[in-house]
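Per-entry structural report
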Amino acid sequence: MYTTYESELRVRPDDIDMFNHVHNSKYFDYVLAARYDQMERCYGLSMESFIERGFGWLVRSVYMDYKRALKMSDYFLVRTGIKTIDAKKCKVHFEIISKVTGKICCDGWFDFVLIDLKTGKGVPIPQDVIEHYLN
């Protein structure tokens, strides 16, 4: 029903932990960086366009399943796609895939809610936004 998009990223030196692979917290950052890129480039609905309307996307819950480690300088793809969206939340599934092996390093999902930037409280996702993502 919804399209999946991908962004290519590369492991940076400051992503590496004391075990000489990417620290688990960086995978969270990779997905958010890919979504920021894809919102504008693929959906044509940038984060800035939400901010102009007085809205922001907030992470409500996350599930990550770590499968394989990424290492220094590895190139990888972050594939994301909306699984469901309604007036209350948007569930986005993701995969982080090694470009060298083609194998999934991490996958899972994020639940996002829309907030009013002035109050910090959750608001219904406008119908025009839901319809935009359907196209």
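Our subject is the structure that appears above.
What comes next concerns the included structure. (Residues numbered from 1 in each chain as written. Predicted model: local features only at pLDDT ≥ 70, side-chain atom pairs only at ≥ 80, totals over all residues. Heavy atoms only, no water.)

What about the overall build of the protein chain?
- Assigned secondary structure in the protein chain consists of three helices and five strands.
- Listed N to C, the secondary structure of the protein chain is β-α-α-β-β-β-β-α in terms of helices and strands.
- Compactness check: the protein chain gives a C-alpha radius of gyration of 16 Å against a globular reference of 14 Å for 135 residues, within 12% of the reference.
- Taken over the C-alpha atoms alone, the protein chain extends approximately 45 × 30 × 20 Å along its principal axes.
- Of all 135 residues assigned to the protein chain, the portion counted as buried reaches 40%.
- For the protein chain, restricting intrachain contacts to residue pairs at least 6 apart in sequence, the fraction spanning at least 24 positions comes to 66%.
- Surface summary for the protein chain: the accessible area is close to 7700 Å², and the carbon and sulfur share equals 54%.
- One finds the centroid of the 19 positive side-chain charges in the protein chain at a distance of 4 Å from the centroid of its 19 negative side-chain charges. (Helix = DSSP H or I, 4+ residues; strand = E, 2+ residues; numbered from the N terminus. Rg over C-alpha atoms; globule rule 2.2 N^0.38 Å. Buried < 20%, exposed > 50% of the residue type's maximum accessible area, 1.4 Å probe, protein only. Contact = heavy atoms within 4.5 Å. Areas by Shrake-Rupley, 256 points an atom, 1.4 Å probe, with all protein chains shown as cover. Lys, Arg positive; Asp, Glu negative; His and termini not counted. Charge placed at Lys NZ, Arg CZ, Asp CG, Glu CD.)

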